[in-house]
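Spelled out, the chains give:
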Amino acid sequence: MELSGAEITVRCLADEGVEHLFGYPGGAVLHIYDELFKQDRVQHILVRHEQAAVHAADGYARASQKPGVVLVTSGPGVTNAITGIATAYMDSVPMVIVTGQVPTHAIGQDAFQEVDTVGITRPCVKHNFLVKDVRDLATTIKKAFFIATTGRPGPVVVDIPKDITTARCEYEYPKSVSLRSYNPVLKGHSGQIRKALQLLLEAKRPMIYTGGGIVLGEAAAELAQLVRALGYPCTNTLMGLGGYPATDPQFLGMLGMHGTYEANMAMQHCDVLLAVGARFDDRVIGNPKHFATEERRIVHVDVDPSSISKRVKVDVPIVGDVREVLAEMNRQLAALPAKPDPGAIKAWWTQIELWKARDCLKYDREAKVIKPQAVVSKLYELTRDADTYVSSDVGQHQMWAAQFYKFDKPRRWLNSGGLGTMGVGLPYAMGALLAHPDCTSVCVTGEASIQMCIQELSTCKQYRLPVKIVNLNNRYMGMVRQWQEFFHGNRYAESYMDALPDFVKLAESYGHVGMRIENPGDVEGALREALALKDRLVFMDFITDQTENVFPMVPGGKGLSEMILV
Amino acid sequence: MRHIISLLLENEAGALSRVAGLFSARGYNIESLTVAPTEDATMSRMTVVTSGSDDVIEQITKQLNKLVDVVKVVDLSEGEHIERELMLVKVRASGKDREEMKRMADIFRGRVIDVTDKSYTIELTGTGQKLDAFLEALEEGVVLETVRTGASGIGRGERILRI
Ligand SMILES: Cc1ncc(C[n+]2csc(CCOP(=O)(O)OP(=O)(O)O)c2C)c(N)n1
């Protein structure tokens, strides 16, 4: 039977197993919305701004391992979605974004609500398509899912002109597709793996550094097996948190600009480094020239060849799916007679313990004002045993969440690491709840960031999404203020958050529960009360220390071991 | 170092802009870029001449390979290869200069493909250096117009780029 392009689009999504479609209607996608109306296999989540549609779908994908799917209209629908798409792209999140387009005959005429979607999204997608013939529609959608979810994942845009949504053809959803130009390498080279293990076993000061690739590649179990078998220290990037259990004694904490002293020192001074699913970016190793001043040999495992030897020259590159490669490493290691050098490794751990003793995350626990670190620590204590997902926005609160919440499992920590997009926190928390309706979903945010997608409080009301918002309200764009304090002579240019709303009333006006917490003694009680309100969104406005800074800090352009410490 | 990179890519609308966009977004040099369909109409062959350190060239080939529309990438400069560029030059050719101009074209194995009483249009192929040399050999002021295709490259002998 012949179906319209609009019916085909919706059928494709349903047949692909898409449960939630995050979107916002408009002229170019009205036929598609009409078809959504007539079915119940795909649930549409109506956000209040297209940016949040993409963020929420992105959060859903991060929390669930399933691709996030979005539907927006042409023109402003697309441009509003761009920040979300770029955010997902930087963190390699699998997504399919369906965009409406003006009719094919109107393309290029500066038609109403026309933008060159393929052109405007090209630099921030893994791939994109403009569908010009309804007969290509189903295959194109299948290709989009295939590309988005394989290899190094990423967002894929499918741009569908309005006339294609009314044109008709036979529908069949392809079971699979293959592209001659796209064949990600999955199996690591076994000779390279042997070499890598040799290097690792000869190490005197080994270090294992892993990133978001472990989370995206579902490789946490294989990683844990390897790290434990070797007995080596392990650190995670901001994106990789949860990839290795944070409460494990071999875990040194996060590394990077606001990483722990011990992780950064061990990273800088190791003689053999195993990097897995990470990309040595500037927030992680600081200045690559400084990083190169210490001699070390590097094994780098990544599914994306272009991540290898991009910023740091690598000795043993291994291209492949991180889970497959780690599994193969575990197999080979078990069969090898050689063992790590116990004397050297013991001495290395002694050194690491000395660094740890520096207690780099200490803060004033007796303070008369609420310390943001204390809020996150208490939150961790109260939610560690529940099925908890923590999202954050961007700023100091993000770093405190990363430092003080101990993530033992992957996919529990949702934040924008690559693009650093303020505004993701609330939509990410919504996405986590849609993926795991029974979970506890907490958004740790700041009073500046939360206002970037605050309208989603309305979406949360409509779909009964009981997000727990922990607003660390320091009345400043704290991270900006911190840089201004350190590097701009205390000139706080435009970083004071004047004219803040009354967040309690704001939450209440959207039909939620609001709380303001001003005393350190009330932190625990408030958190308990909020967490007990299982089916309500609770906005907790914690009035925190205005002057607190995030330590340690590697200033921009400096080396990893050149940290500012508290 | 100068490198000449060949690629096979899907003959899709937008494929060229993906390659060009990659070079501009990542700040890589493009000296020249040529593209045309191959004997298999679903595929185009592109030659990009670029320059950069070994690390940069490695990144360029990896990033090109990563583009979904790119089927294959070869750095021709890694081995024996041939490169050719086509140039059309319109030169002043009147009076006694006319003979001289014809002779110059012959020396460089150029062909006169269009004639007026005041000008010749000469077709010349060769490496970029040869084309440069021809232009340098001409007297100042005689060149009215030039158009060059940029280099196309192919591996020598058994080196073949196909799927
Ligand atoms: C969309 C966007 N705009 C600007 C920035 C730059 N920026 C980084 S952190 C920050 C301040 C965040 O303030 P707040 O949300 O209150 O968090 P805090 O640092 O105080 O914890 C800003 C403006 C950004 N990351 N994203």
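Coordinates for the structure precede this section.
These remarks concern the structure in this document. Remember, predicted model here, so these are calculated numbers, not experimental data.

We now examine the overall build of chain A. Secondary structure assignment for chain A yields 22 helices and 20 strands. The C-alpha atoms of chain A give a radius of gyration of 24 Å, which matches the 24 Å a tight globule of 566 residues would have. Sequence-distant contacts, at least 24 apart, represent 77% of the contacts inside chain A between residues at least 6 apart. If you sum the accessible surface of chain A, you get close to 21,500 Å²; carbon and sulfur atoms cover 51% of it. Side chains of chain A carry 59 positive and 63 negative charges; the gap between the two charge centres is 4 Å.

To continue, consider the pattern of salt bridges. Evaluation of the coordinates by the stated rule reveals 40 salt bridges over all chains. The salt bridge partner of A:K356 is A:E353, with a shortest N-O separation of 3.8 Å. Remark: A:E353 and A:K356 occur in helix α15 (residues 342–356); sequence separation between them is three residues, near one turn of the helix. Accessibility expressed as a relative area gives 42% for A:E353, which makes it partly exposed. With a closest N to O distance of 2.8 Å, B:R2 and B:E83 form a salt bridge. Here the residue B:R2 occupies a position in strand β1 (residues 2–10), and B:E83 occupies one in strand β5 (residues 81–92), the gap between them amounting to 81 residues. We classify B:R2 as partly exposed; its relative accessible area is 37%.

A contiguous nonpolar surface patch, about 220 Å² in accessible area, is contributed by B:L88, B:I113 and B:V147. In this fold, B:L88 is placed in strand β5.

Here we take up unusual backbone geometry. Residues and elements named next belong to chain A. The omega torsion of the bond from F551 to P552 falls at -10°, within 30 degrees of zero and hence cis. Assignment of secondary structure puts P552 in the segment after β20 (538–543). For S309, which is not glycine, the phi dihedral falls at a positive 60°. With respect to the element layout, S309 can be found in the loop between β13 (297–302) and β14 (316–319). Overall, S309 belongs to the buried group, its relative accessible area being 11%. At R411, a position not held by glycine, the phi torsion is positive, near 70°. Tracing the backbone through its elements, the reader meets R411 in the loop between α17 (396–404) and β16 (413–414).

Residue and element names in this part refer to chain A. For the structure on display, the rule yields 18 aromatic pairs over all chains. A centroid spacing of 5.6 Å and a plane angle of 85° characterise the contact between Y363 and F404, whose relative ring orientation is edge-to-face. Here Y363, found in the loop between α15 and α16 (372–383), pairs with F404, found in helix α17; they are 41 residues apart in sequence, far enough to count as distant. Here Y363 falls in the buried class, since its relative accessible area comes to 13%. What makes F404 buried here is its relative accessible area of 9%. Ring pairing ties together the aromatic residues Y380, Y405, F407 and W413, which thus form one cluster. Sitting above the plane of the F291 ring, R296 keeps its charged end 3.6 Å from the centroid. Over the face of the ring belonging to Y476 we find R481, whose NZ or CZ atom lies 5.6 Å from the ring centre.

Residue and element names in this part refer to chain A. Where helix α11 (residues 261–269) meets α15, the closest approach of the two axes is 8 Å, and the angle between their N-to-C directions is 140°. Relative to α15, the element α11 is oriented oblique. Read as a crossing pair, α11 and α15 show a hand that is right-handed. Contacts between α11 and α15 involve Y261, E262, M265, A266 and H269 from the first element and W348, I352, W355 and K356 from the second. Partitioning the contact of α11 with α15 into residue classes produces six nonpolar, one polar and two charged.

Residues and elements named next belong to chain A. Within the structure, the ligand sits among 17 residues, and Q396, H397, G420, S449 and G478 are positioned closest to it. Note that an oxygen atom of the ligand is positioned 3.3 Å from one of the side-chain N or O atoms of E447. In the environment of the ligand, an oxygen atom lies 3.1 Å from a nitrogen or oxygen atom belonging to the backbone of A448. Within the complex, 77% of the 580 Å² of free accessible area of the ligand lies under protein. At the level of secondary structure, the elements contributing two or more residues to the shell around the ligand comprise α17 and α20 (478–487). No other element matches the three residues that α20 contributes to the shell around the ligand. Here the shell around the ligand is composed, by residue class, of eight nonpolar, eight polar and one charged.

Moving on: the packing of helix α1 (residues 5–15) of chain A against helix α6 (residues 137–149) of chain A. Residue and element names in this part refer to chain A. One way to put it is that α1 packs onto α6 with a least axis distance of 9 Å and a crossing angle of 30°. Relative to α6, the element α1 lies roughly parallel. For α1 against α6, the interelement crossing comes out right-handed. Each of G5, I8, T9, C12 and L13 in α1 lies in contact with α6, whose residues at this interface are L137, A138, I141 and F145. Partitioning the contact of α1 with α6 into residue classes produces seven nonpolar, two polar and no charged.

For the rest of this paragraph, the subject is the interface of chain B and chain A. Of the residues lining the interface, 20 residues belong to chain B; the matching set on chain A comes to 18 residues. At the boundary of chain B with chain A, total buried surface from both sides reaches about 1,500 Å², with 44% on carbon and sulfur atoms. Where chain B meets chain A, there are five salt bridges. Our count for the contact surface shared by chain B and chain A stands at twelve residue pairs in polar contact (both at pLDDT 80 or more). Here the side of chain B that touches chain A is built from residues that sort into seven nonpolar, five polar and eight charged.

Parameters at a glance
- Residues numbered from 1 in each chain as written.
- Chains lettered and ligands numbered in written order.
- Predicted model: local features only at pLDDT ≥ 70, side-chain atom pairs only at ≥ 80, totals over all residues.
- Heavy atoms only, no water.
- Helix = DSSP H or I, 4+ residues; strand = E, 2+ residues; numbered from the N terminus.
- Rg over C-alpha atoms; globule rule 2.2 N^0.38 Å.
- Contact = heavy atoms within 4.5 Å.
- Areas by Shrake-Rupley, 256 points an atom, 1.4 Å probe, with all protein chains shown as cover.
- Lys, Arg positive; Asp, Glu negative; His and termini not counted.
- Charge placed at Lys NZ, Arg CZ, Asp CG, Glu CD.
- Salt bridge = Lys/Arg side-chain N within 4 Å of Asp/Glu carboxyl O.
- Buried < 20%, exposed > 50% of the residue type's maximum accessible area, 1.4 Å probe, protein only.
- Patch = residues over 30% accessible without salt bridge, like charges linked within 9 Å, V, L, I, M, F, W, Y side chains within 5 Å.
- Phe/Tyr/Trp six-rings, centres within 6.5 Å; stacked < 30°, edge-to-face > 60°.
- Lys NZ or Arg CZ within 6 Å of the ring centre and 35° of its normal.
- Axes fitted to C-alpha atoms, helices over the stretch in contact; angles between N-to-C directions.
- Parallel < 35°, antiparallel > 145°, perpendicular 65-115°, else oblique.
- Left-handed = near helix turned anticlockwise from the far one by under 90°.
- Nonpolar A, V, L, I, M, F, W, Y, C, P; charged D, E, K, R; others polar.
- Near = heavy atom within 4 Å.
- Polar contact = N/O pair within 3.5 Å; in protein donor to acceptor, adjacent residues only side chain to side chain.
- Buried area = accessible area lost by both parts, 1.4 Å probe.

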